[in-house]
Amino acid sequence: MLGLLRSVWEEPRPPGAPVRVWRDWALVGVLLPTAVLEGVLRPDVPWRMLSVVLAVGLVPPLLWRRTRPLATIAVTTGASALATLLTTGQPPGLYTMAYLILLPYALFRWGSGRQTVIGAAIIFAKVVLSLATGDTSLTDSVALTAVLFAAMALGGAFRYRAGARMRELDQVKLLERERLARDLHDTVAHHVSAIAIRAQAGLATAPSHPDAATDALRVIETEASRTLAEMRTIVRALRRDEPAELAPGPRVTDLEELASGARGGPSVDVRIAGDLGDLAPPVAAALYRLAQESVTNARRHARHATRIEVRVAADDTSVRLRVSDDGDTTLVRPNASPGYGLIGMIERAGLLGGTCEAGPDPERGWTVTAVLPRTGG
C-alpha cells in the first residue's frame, strides 16, 4: 500500500498538455455574458452583486486549467470559500458556476500525482467546510461529492487511455526501428567482410606488387566510409539492447514478389522506373517494407477493390513510391485514422530523412505515397 501511495505521489504530469486552444476562448466568451445575464435576469440570486463578481472573476482561471491545474483549483476554491465565510444565509453563487466542474477533471487529466492529491484535498475540504457551516445540506453535499468524483474519474480515465495509447505508439516505433536495424545488418556485414578480404589481399601482395596494396587501401577506404554511414543509421534506428535477428534484408528487386505472391483478392501490378541500382541499402529495404505494408493494408481493408498498383520512380536525388487501389472510399476503413501500421511506415521513412503519407484518393480508392532520399538521409 505504501508503495502504491508513493507511486501515485511521484506520478509525473502527462506530456503535451495544450496551453490554450480556440475552444477555451470560446468558452470564456460564452460564460462571461451568461453569468452577467443570469445575475441581471434571475430574481432569486443571493447576494446579487457578489454572486456576479464571483462568477465572472472565476472564469479567466479556466484558461490555465491544463497548464496550472493545482493553482486554478486553489484560486477558485479559496475565492468561493472566502465568499461563503463573508456572507450569511444562502451562499453567493450562480448556476453558471457549474463550469467549475471542469477544474477537477483537468486536475486529474493533466496534473502530476502530488498535484492531484493536494488539489483533491482542497476540493473536499471546501465541501466539508460548507457542510459544517450549514451552507449546504447533507444531501446536497453527498450529491456534490458524487459529481466531483465522477469528474475526477473521467479525467483519470482519459489520462490512462492517452498514456496507454502513447505507450503502444512508442512500442510500434521501437519495433519498426528494430526491423530497420535487421535489414541493415546484412549489408554492413558484407562491407566489413569486403574490407577484411581486401586488407588480407593487400598484405599478401605488398612485397611483390606495391601498387596492388595501394589499390586495396583505396577500396578499403571506400568500403569503410559506406560502412560508417550505414552504422550511423543503425545507431539512430536501434533503441534497445536486445540482439537483432540475423536475416538477409529485402531488396528493390523483391518488389516483384508482391505481384507474384498475390493469391486471391485484388491483383497487384508492380512497375519500376528509373535507375535503382545504386540505392543505399537502407532505402532499398525501406521501399520494400513500405510497399509490402501498403499492399497488405489494401488487401485487408479495401472494400470491393479489384486492383492494387505499386509504382516506384527514381531520379538523381530521391525515389518515390506510390501504392494505390480502386476500393470503395464511401465505406469508412478501419485505418482511416493513423493506425499502428501507418505509424510504423511514417517512422521508417522519417528515420531515413523521407516522408510517408496515406489517405483516400479524390477519385477512388486509397493511396500511400512515400518519398525517400537515395542516400538514406
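For the structure itself, look to the data block above.
Scope of this entry: the structure provided in the associated data block. Nothing here was measured: the structure is a model prediction, and the numbers come from that model.

## Quick notes on the sheet that holds strand β1 (residues 267-273)
Strand order in the open sheet formed by 5 strands is β1-β2-β3-β5-β4, with mixed pairing between adjacent strands. At either margin of the open sheet sits one strand with a lone partner, and together these are β1 and β4 (355-360). Taken pair by pair, the neighbouring strands of this sheet meet at an average axis angle of 10°, ignoring direction. Bridge count between β1 and strand β2 (residues 307-314): 7 bridges; the pairing is parallel. Within the sheet, the bridge partner assigned to Val268 lies in β2 and is Ile308. Helix α10 (residues 281-301) rests against β1, β2, β3 (318-325) and β5 (366-373) of the sheet, and its axis sits at about 10° to β3.

## Quick notes on the nonpolar core
Residues Leu258, Val310, Val319, Leu321 and Leu372 are the most contacted members of the largest nonpolar core, which totals 29 residues. Contributing elements (two or more residues each) for this core: β1, α10, β2, β3, α11 (340-351) and β5. Among the elements that make up this core, the one with the highest residue count is α10 (8 residues). Among residues more than four places away in sequence, those in contact with Val310 are Val268, Asp269, Val270, Arg271, Ala291, Val295, Leu321, Arg322 and Val323. Grouped together as the second largest cluster of nonpolar side chains are 25 residues, Ala55, Val59, Leu63 and Ile123 included.

## Considering the pairing of β5
Within β5, 7 of the 8 residues are buried, leaving the element largely enclosed by the surrounding structure. As defined by bridge partners, β3 adjoins β5 across 7 bridges and the pair is classed as antiparallel. Residue pairing across strands places Val323 opposite Val368, the latter belonging to β5. One ladder, built from 6 bridges, connects β4 with β5; its direction is antiparallel. Looking across to β5, one finds that Gly359 is bridged to Thr367. Adjacent in sequence and paired antiparallel, β4 and β5 are bridged by 5 residues, among which Gly365 carries a positive phi angle near 90°.

## A closer look at unusual backbone geometry
One non-glycine residue with positive phi stands out, namely Trp47, at about 50°. Here Trp47 lies in the loop between α2 (22-41) and α3 (48-57).

## What about the packing of helix α4 (residues 69-86) against helix α5 (residues 102-110)?
Remark: α4 packs on α5, axes separated minimally by 9 Å, with the N-to-C direction vectors making an angle of 155°. Judged by the angle between their axes, α4 and α5 are roughly antiparallel. In the packing of α4 onto α5, the handedness of the crossing is left-handed. From α4, Pro69, Leu70, Thr72, Ile73 and Thr76 reach across to α5, where they touch Leu103, Pro104, Ala106, Leu107 and Trp110. Looking at the contact of α4 with α5, its residues break down into 8 nonpolar, 2 polar and no charged.

Rules used in this analysis
- Throughout, residues of each chain are indexed from 1 in the direction in which the sequence is written.
- In keeping with the predicted nature of the model, local features appear solely for residues at pLDDT of at least 70, side-chain atom pairs appear and are counted solely at 80 or more, and the whole-chain, interface and lining totals rest on all residues.
- The basis for the side-chain values is all heavy atoms of the structure; hydrogens and waters are excluded.
- Strands were regarded as paired on the criterion that DSSP finds at least two bridges between them.
- Here a strand is any run of E in DSSP of at least two residues, a helix any run of H or I of at least four, and the numbering for each starts at the N terminus.
- Orientation is described by axes fitted as lines to C-alpha atoms, over the contacting stretch for helices, and by angles from 0 to 180 degrees between their N-to-C directions.
- A contact between two residues is defined here by any heavy atoms of the two lying within 4.5 Å.
- To define a nonpolar core, start from buried Ala, Val, Leu, Ile, Met, Phe, Trp, Tyr and Cys residues and group those joined through side-chain atoms within 4.5 Å.
- The cut-offs for exposure are 20% and 50% of the maximum accessible area for each residue type, with area from a 1.4 Å probe on protein chains only; residues under the lower value are buried, those over the upper are exposed, and the others partly exposed.
- If an angle is under 35 degrees, it is roughly parallel; if it is over 145, roughly antiparallel; if it lies from 65 to 115, roughly perpendicular; otherwise it is oblique.
- Helix crossings fall into two classes, left-handed where the near helix is turned counterclockwise from the far one by less than a right angle and right-handed where it is turned clockwise.
- Lys, Arg, Asp and Glu make up the charged group, whereas Ala, Val, Leu, Ile, Met, Phe, Trp, Tyr, Cys and Pro make up the nonpolar group; the residues left over, Gly among them, are polar.

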